[in-house]
Amino acid sequence: MNVISKYSEIYGLFKAEFPALEAVCNEPMKNHTSFHIGGNADIFVMPKSEDEIICAIAFFKRHLVPLTIIGNGSNLLVSDNGIEGAVICIGKSFSDVSVNGSKITASAGALLSSIAQTALKHSLTGFEFASGIPGSLGGAIVMNAGAYGGEMKDCVVKTRYLDQNGNLCECIGDEHGFSYRKSRFTNGEIILSATLELKEGNADAIKEEMHSLAAKRREKQPLEYPSAGSTFKRPEGAFAAKLIDDAGLRGYCVGDAQVSEKHCGFVVNKGNASFDDVTKLMTHIQKVVKEKFGYDLEPEVKIL
């Protein structure tokens, strides 16, 4: 019995129980990752509300279906074998953004760029750093995403989430446990929404800063190729991109996966890179950097 037939009956039961909940069978994950790599998900669900997320999770747990939660897919490398079971995509279908004074509350699927545009519209400063990060709010909080001197920990004040037992919870302030590319959300918690505390600012100055950061990204990052952003975390006392460059790996390829010639911190998909191409290249980078400089590079990309 192949994997698709194994879950086709479950898919039918799911659609019968939740006819209004958007879901498809045998969905290519390469269409949902910025790397443009990945085989099919047996069941792919796109909820539009907290209730739909909770109902979908409960259904798949009840039927003992393996469950994977993703956001915008901008930090994912998915196997060419795909993902067995169900994938719940907390993305553009679940992306409301609202403003109350200096606070912005957004659903977990809201893109950081959309939140930044909302902040600009209301002359709120403090989120410019995230305006070019190609991810969603939920994923950004889980990994405490950051750029150009700013991090999510600087503005996130409250988060609603489901714990690993499916209970609806909140955490406030320091309870988030933010540190470099980490948070408290490491045990299968699912972020639903969060509130950001920003400051009143000048719209022209905010817009100018966003344009300046966008120009820096275009100049320094290989935005012309699919990637998952920075491939490795910054090791203590060094920079991953410089270590990779100094190791002589600029432009190094395995198949269509390449260490970007523009920014060595990025592994890019030059056309038809496979999962194996990327993972073999990452392993080679880690091996060479370890041998030459003694640093252990830890992936920043999440591998599924």
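Heads up: the structure comes first, above all this text.
For the structure given in this document, a descriptive report is provided here. Here the structure is a predicted model, which means the values were calculated and not measured.

A word on the side chain of Asn269. Inspection of the secondary structure puts Asn269 in strand 18 (residues 266-269). Ignoring any residue separated from it by four or fewer positions in sequence, one finds Asn269 in contact with Phe35, His36, Ile37, Tyr225, Pro226 and Asp256.

In this section: helix 2 (residues 50-62). For helix 2, spanning 13 residues, the distance from its first C-alpha to its last is 18 Å, which sits close to the expected 18 Å at 1.5 Å a residue. Those residues of helix 2 not exposed but buried are Glu52, Ile53, Ala56, Ile57, Phe59 and Phe60. On an axial view of helix 2, the arc spanned by its buried residues comes to 160°, and they lie on one face. Every exposed residue of helix 2 that faces more than 90 degrees away from the buried side is listed here: Asp51 and Arg62. One or two positions beyond helix 2, positive phi appears at Leu64, with a value near 55°.

Attention now moves to the nonpolar core. A general feature of soluble globular proteins is that nonpolar side chains tend to end up buried together. Ranked by size, the top nonpolar core spans 55 residues in total, and within it Phe14, Val45, Phe60, Phe127, Leu137, Ile141 and Met152 carry the most contacts. Residues in contact with Phe14, not counting those within four places in the same chain, are Leu21, Ala23, Val45, Ala56, Phe59 and Phe60. Judged by nonpolar contacts, the second largest core, of 26 residues, contains Phe35, Leu243, Val254 and Val278.

This part takes up the pattern of salt bridges. Applying the stated criterion to the full structure yields 14 salt bridges. Residue Glu151 pairs with Arg181 through a salt bridge whose shortest N-O separation is 3.5 Å. Of this pair, Glu151 sits in strand 10 (residues 150-151) while Arg181 sits in the loop between strand 12 (168-172) and strand 13 (190-197); the two residues are 30 residues apart in sequence, bridging distant segments of the chain. Arg181 shares its class with Glu151; the two are buried. Between Arg250 and Asp245 there is a salt bridge; the shortest N-O distance is 2.8 Å. Here the salt bridges do not stand alone but share partners, grouping Glu151, Lys153, Asp154, Arg181 and Glu300 into one network.

Thresholds applied
- Residues numbered from 1 in each chain as written.
- Predicted model: local features only at pLDDT ≥ 70, side-chain atom pairs only at ≥ 80, totals over all residues.
- Heavy atoms only, no water.
- Helix = DSSP H or I, 4+ residues; strand = E, 2+ residues; numbered from the N terminus.
- Contact = heavy atoms within 4.5 Å.
- Expected span 1.5 Å × (residues − 1).
- Buried < 20%, exposed > 50% of the residue type's maximum accessible area, 1.4 Å probe, protein only.
- Arc of directions from axis to C-beta.
- Core = buried A, V, L, I, M, F, W, Y, C linked by side-chain atoms within 4.5 Å.
- Salt bridge = Lys/Arg side-chain N within 4 Å of Asp/Glu carboxyl O.

Don't take any of this as a statement about function, it's just geometry.
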